[in-house]
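A look at the structure
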Amino acid sequence: MSNFYPELNQRILEMSDGDEEFRIELTSAIHAGLVELKSKYGEGIQEKDSVKIQQIRHKLKPTLMMFEFDDLIENLTEGKEILENQGFGEAASRHYFEFLEKVSKAIEEVSQLKS
């Protein structure tokens, strides 16, 4: 397993407190949130819709913080600044490709924890 988030499994185990069914549900919910983040963020970029991007960022921020997806949080913060200051130009495109790389790694890692 690639281990971009070394504490993720431990945090999930601590929250589930030995309840295997809850661990699976929690991991699935994290996975679904990351997949939604990737999808909605992509739609927002494609449609040049900063409100859609802001909404999904706001929705997933607590989960990202709770489970220490620090690289994604940092990337989303940078993206917010880029969109606010430069709009949907070349810098936003570069940011989006970095975002895709990071969110895809997160989704992959959580997928490995689901079973």
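Above this text sits the structure in question.
These numbers come from a predicted model, not from an experiment.

Criteria and cut-off values
Residues numbered from 1 in each chain as written. Predicted model: local features only at pLDDT ≥ 70, side-chain atom pairs only at ≥ 80, totals over all residues. Heavy atoms only, no water. Axes fitted to C-alpha atoms, helices over the stretch in contact; angles between N-to-C directions. Helix = DSSP H or I, 4+ residues; strand = E, 2+ residues; numbered from the N terminus. Parallel < 35°, antiparallel > 145°, perpendicular 65-115°, else oblique. Left-handed = near helix turned anticlockwise from the far one by under 90°. Contact = heavy atoms within 4.5 Å. Nonpolar A, V, L, I, M, F, W, Y, C, P; charged D, E, K, R; others polar. Salt bridge = Lys/Arg side-chain N within 4 Å of Asp/Glu carboxyl O. Buried < 20%, exposed > 50% of the residue type's maximum accessible area, 1.4 Å probe, protein only. Phe/Tyr/Trp six-rings, centres within 6.5 Å; stacked < 30°, edge-to-face > 60°. Expected span 1.5 Å × (residues − 1). Polar contact = N/O pair within 3.5 Å; in protein donor to acceptor, adjacent residues only side chain to side chain.

A few points about the packing of helix 3 (residues 50-66) against helix 4 (residues 70-86)
The relative placement of two packed helices comes down to the angle between their axes together with the axis-to-axis distance. As a packed pair, helix 3 and helix 4 sit with axes 11 Å apart at the nearest point and diverge in direction by 155°. Judged on the interaxial angle alone, helix 4 and helix 3 are roughly antiparallel. Taken as a pair, helix 3 and helix 4 cross one another with a handedness that is left-handed. Residue-level inspection shows Ile 53, Arg 57, Leu 64 and Met 65 of helix 3 in contact with helix 4, the latter providing Leu 72, Ile 73, Leu 76, Lys 80 and Leu 83. Residue classes in the contact of helix 3 with helix 4 are distributed as seven nonpolar, no polar and two charged.

Re the pattern of salt bridges
Enumeration according to the criterion identifies eight salt bridges in this entry. Between Glu 43 and Lys 40 there is a salt bridge, with the nearest N and O atoms lying 3.9 Å from each other. Of the two residues, Glu 43 and Lys 40 are both situated in helix 2 (residues 20-47); the distance of three residues between them amounts to about one turn of the helix. Judged by its relative accessible area of 31%, Lys 40 falls in the partly exposed class. Glu 47 is the salt-bridge partner of Lys 52, the closest N and O atoms lying 3.1 Å from each other. Looking at Glu 47, the relative accessible area reads 46%, which means it is partly exposed. Three or more residues joined by partner-sharing salt bridges are found here, namely Lys 40, Glu 43, Glu 47 and Lys 52.

Let's talk about the environment of Phe 99
One can find Phe 99 in helix 5 (residues 90-114). Between the alpha carbons of Phe 99 and Glu 74 there is a distance of 9.9 Å; along the sequence they are 25 residues apart. Aside from chain neighbours lying at most four places away, what touches Phe 99 is Leu 37, Lys 38, Tyr 41, Leu 72, Asn 75 and Leu 76.

Some details on the packing of aromatic side chains
Counting across every chain of the model gives five aromatic pairs. Taken together, Tyr 41, Tyr 96, Phe 97 and Phe 99 form an aromatic cluster joined through their ring pairs.

Some details on unusual backbone geometry
Backbone geometry follows two general trends: most residues other than glycine have a negative phi, and most peptide bonds adopt the trans configuration. Positioned with a positive phi, Asp 17 is a non-glycine residue whose angle comes to about 50°. Checked against the element boundaries, Asp 17 lands in the loop between helix 1 (8-16) and helix 2. With relative accessibility at 70%, the residue Asp 17 sits in the exposed group. Within the chain, Lys 48 stands out as a residue other than glycine whose phi angle is a positive 55°.

Re helix 2
Each α-helix winds once per 3.6 residues, and so residues spaced three or four apart point in a common direction. Helix length check: helix 2, at 28 residues, gives a terminal C-alpha distance of 40 Å against a target of 40 Å (1.5 Å per residue), a fit within 8%. When we look at burial in helix 2, the residues that qualify are Arg 23, Leu 26, Thr 27, Ile 30, His 31, Gly 33, Leu 34, Leu 37, Tyr 41, Gly 42, Gly 44 and Ile 45. At the N-terminal boundary of helix 2, the capping side chain belongs to Asp 19, with an oxygen 3.2 Å from the backbone nitrogen of Glu 21. Looking at the residues trailing helix 2, positive phi occurs at Lys 48, about 55°.

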